[in-house]
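# Residue-level structure breakdown
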Amino acid sequence: MKLLALMTVALVLALAPAQAQDKAAIEKQYQSWLVQHIWPQARRKGVSAEVFNAAFAGVRLNWKLPDLVSPGTKRKVPQKQRQAEFGAPAKYFNRGSVNNATSVGRQMAKKHAAVLQSVTRKTGVPGHVILAIWGRESGYGRAAIPHDVFEVLGTKAFMSTRQAYFEDELIAALRIAQAGHAPPGKMKSSWAGALGQPQFMPSSFLKYATDGNGDGRADIWGSEADTIASIGAYLDSHGWVAGRDWGFEVTVPASVSCSLEGPDQGRRISEWEALGIARVSGRAFPEKERRAEGYLLMPAGRNGPAFIVTPNFYVLKDYNMSDLYALFVGHVGDRIAYGVKDFSASWGAVDRMYRSDIAAIQKVLISQGHDVGGADGLPGYKTRRSIGRWQEANGQKATCFPARGMKP
C-alpha cells in the first residue's frame, strides 16, 4: 500500500449496517481509515512515510481474528471465551502445560543462571518467577508466533470490541518499527498483538524492554538474555516486593465466607490464621509473612483450591489480568525452584458457560446493587464474591462461582 496513492482515496464511507455491506466495501473503508486516521497520528509520533508504507504493504483485514465487530454493528459481549486464562481452571492447569513449563524451566535456570542472578540483584524479582512467565508466554521462545503485528493491530483497531486500546497499540508498534528495535521481518505477534518471547504489547515494549546482554539493543525476539531482563524490569516497575512470596495454598473452613475474597479485603496473615485458615502443608506461615497483609483467593470459588496471596500475586496479575495466569506463574515458579508438587485440593467440575450467560448473571447482580466489576462475562473476584453474597443472603450454600441456571 503506497501512502501517496492512498491519499487520493475518498473520505471514509458513511458507516452503514454490516448487512448492507460486503467485505470488499469494508476493506475499502479500512484502507481509507489507515490513511485518514492512523497516518496523521503516526506522523506526529515521528513515524516516517517509508516505515508506514512498509508496515502496511499488502496488509488487509484479518477476518479470522476473534471478537471483531463490523462497522455499524452493535457491540455485544462475545459468547465464546477465546482466552484460556478466563476459562475452566482445571483445563488451564492441565498436566502437560504444568509439567512442560516446569521441566524446561529447570533447564533454563541452569543455562541462564548468571543473567537470572544479575536481574534478581537489580530488580528483586526471583529468577524462577521470571522463568515461569517466560514459559507461560512463549514456551521459553519455542512457541510459534505466527501473525503480522500490523495486520492484527490494524484489524482490531478498526473493528474490535476494544478499538481505542488497539489503536494506541498500533501506533506504538509503528514507533518500534521506526526505531529499528525489531530484526527485519520479526514483527510477529499473537492474535492479540503481543510481541516476542515475553509477549509484550507494543506499549509495554516501549516502557520495559531491556538490554540484558550489553549489545545496546532490547531484542525480545531473538535474545534470551534480553527477554529475561525485560520480564524482570516489567515486574520491578509494577511494584514487586523483594523478599515476599507470591502466596500459599490453604484450607478455608466453612465458617469463613468465600465472599471475603479480593485484594480490597486484605488483613494480616496472622488474622487469617485466627479465623482457622491454615497452610495445606501443615507448616506455619513464615513469621515475616504473618505480620504482613495477605488476601483470600478462591479462583474457582468452593470448587477448587484456595490461597492466601501477597501483593506480589497482583504484580503477576498486572502481566496478564487473570487470576489463573498469576496462579499458574506462581505455582510453576515454585515447582522450578523448590520442587513442590500439585495443589493439595483438586479443581472441581464447573459448568461450561458462554461469556454472554455469565454477563446476564452479572447484569442482574448489578441491578441489585452488587459491584461485579462490569458485565463482561468474566468471572473475576468481584463477580465471584457477589455471587457468594447473593447466595448467603438468600439462604443458599455459597459457592462463589457462576453456574448454569443460576438466577439471582
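What comes next is a walk through the structure. Going along each chain's sequence as written, the residues are numbered from 1 onward. The predicted origin of the model limits local features to residues at a pLDDT of at least 70 and limits the giving and counting of side-chain atom pairs to 80 or more, whereas totals for whole chains, interfaces and linings rest on all residues. With hydrogens and water stripped out, all remaining heavy atoms of the structure feed into the side-chain values.

## Observations regarding the state of the cysteines
- Disulfides are defined in this document as cysteine sulfur pairs within 2.5 Å. Within the structure shown, the criterion is met by one disulfide.
- Residue pairing for Cys258: its cysteine sulfur links by disulfide to Cys400, the two sulfurs lying 2.1 Å apart. Because the torsion about its S-S bond is 80°, the bridge between Cys258 and Cys400 counts as right-handed. Pair noted here: Cys258 is in the loop between strand 3 (247-251) and strand 4 (267-268) and Cys400 is in the segment after helix 17 (381-393), with a separation of 142 residues, a long-range link. Assigned by exposure class, Cys258 and Cys400 land together as buried. Starting at the N terminus, helices and strands are each numbered in turn, a helix being any DSSP run of H or I of at least four residues and a strand any DSSP run of E of at least two. Burial classes: relative accessible area under 20% of the type maximum marks a residue as buried, over 50% as exposed, and values in between as partly exposed (1.4 Å probe, protein chains only).

## Side note on the pattern of salt bridges
- Within this document, salt bridges are pairs made up of a side-chain nitrogen of Lys or Arg and a carboxyl oxygen of Asp or Glu, the two lying within 4 Å of each other. Taken as a whole and assessed by the stated rule, the structure comprises 14 salt bridges.
- Between Arg95 and Asp342 there is a salt bridge, and its shortest N-O distance comes to 2.6 Å. Pair noted here: Arg95 is in helix 5 (residues 95-111) and Asp342 is in the loop between helix 15 (323-338) and helix 16 (355-367), with a separation of 247 residues, a long-range link.
- For Asp323, the salt bridge goes to Arg384, with nearest N and O atoms at 2.7 Å. Here Arg384 lies in helix 17 and Asp323 lies in helix 15, a separation of 61 residues in the sequence. Side by side, Asp323 and Arg384 carry an identical accessibility label, which is buried.
- What you see here is one network of salt bridges that share partners, running through Glu261, Lys317, Asp323 and Arg384.

## A word on helix 7 (residues 127-138)
- Multiply 1.5 Å by the residue count of a helix minus one, and that product is the helix's expected span. The terminal C-alpha atoms of helix 7, which comprises twelve residues, lie 17 Å apart, in line with the 16 Å expected from a rise of 1.5 Å per residue.
- Counting buried residues in helix 7 gives ten out of twelve residues, a clear majority hidden from the surface.
- The complete set of buried residues in helix 7 reads Gly127, His128, Val129, Ile130, Leu131, Ala132, Ile133, Trp134, Gly135 and Ser138.
- Buried residues along helix 7 sit in contact with helix 5, helix 6 (113-123), helix 11 (224-237), helix 14 (311-319) and helix 15.
- Backbone geometry just after helix 7 places Gly139 at a positive phi near 60°. Here, residues are in contact when the closest pair of their heavy atoms is within 4.5 Å.

## Describing the side chain of Glu261
- Its place among the elements puts Glu261 in the loop between strand 3 and strand 4.
- The contact partners of Glu261, leaving out residues within four places of it in the chain, are Leu296, Leu297, Met298, Pro299, Tyr381, Arg384 and Arg385.

## Topic: the packing of aromatic side chains
- In summary, the pairing rule links any two rings of Phe, Tyr or Trp, Trp by its six-membered ring, whose centres are within 6.5 Å, and it sorts them by plane angle into stacked for under 30 degrees, edge-to-face for over 60 and tilted for everything else. Evaluated as defined, the whole model comprises 26 aromatic pairs.
- Pairing Trp246 with Phe313 gives two aromatic rings, centres 6.5 Å apart and planes at 35°, and the pair type is tilted. Of this pair, Trp246 sits in the loop between helix 11 and strand 3 while Phe313 sits in helix 14; the two residues are 67 residues apart in sequence, bridging distant segments of the chain. The residues Trp246 and Phe313 share a single accessibility class, namely buried.
- Put simply, the rings of Tyr92, Phe93, Trp246, Tyr295, Phe307, Phe313, Tyr314, Phe328, Phe343 and Trp347 pair up and form one aromatic cluster.
- Taking the ring centre of Trp272 as reference, the NZ or CZ of Arg267 above it sits at 4.7 Å. Look at NZ for Lys and CZ for Arg. If either is within 6 Å of the ring centre and within 35 degrees of the ring normal, a charge sits over the ring.

## Side note on the sheet that holds strand 5 (residues 278-279)
- Strand pairing follows a simple DSSP-based rule, namely that at least 2 bridges must link the two strands. The strand order across the open sheet built from five strands is 4-6-7-3-5, with neighbouring strands paired in antiparallel fashion. The outermost strands of the open sheet, each flanked by one partner alone, are strand 4 and strand 5.
- As paired elements, strand 6 (residues 293-297) and strand 7 (residues 306-309) share three bridges and run antiparallel to each other. Residue pairing across strands places Leu297 opposite Phe307, the latter belonging to strand 7.
- Across the sheet, helix 14 touches strand 6 and strand 7, and the angle it forms with strand 6 is around 60°. Only the stretch in contact is used when fitting a helix axis, every axis being a line fitted to C-alpha atoms; angles between N-to-C directions are given from 0 to 180 degrees.

## Remarks on the packing of helix 14 against helix 15
- Between helix 14 and helix 15, the shortest axis-to-axis distance is 8 Å and the interhelical angle comes to 115°. Between helix 14 and helix 15 lies a crossing of right-handed hand. On helix 15, the residues that touch Phe313, Leu316, Lys317 and Tyr319 of helix 14 are Asp323, Tyr325, Ala326, Leu327, Val329 and Gly330.
- A breakdown of the residues in the contact of helix 14 with helix 15 according to their chemical character gives seven nonpolar, one polar and two charged. By convention, the crossing between two helices is left-handed when the near helix turns anticlockwise from the far helix through less than a right angle, and right-handed when the turn is clockwise. Under the grouping applied here, Gly and all other residues not named as nonpolar or charged are polar, the nonpolar ones being Ala, Val, Leu, Ile, Met, Phe, Trp, Tyr, Cys and Pro and the charged ones Asp, Glu, Lys and Arg.

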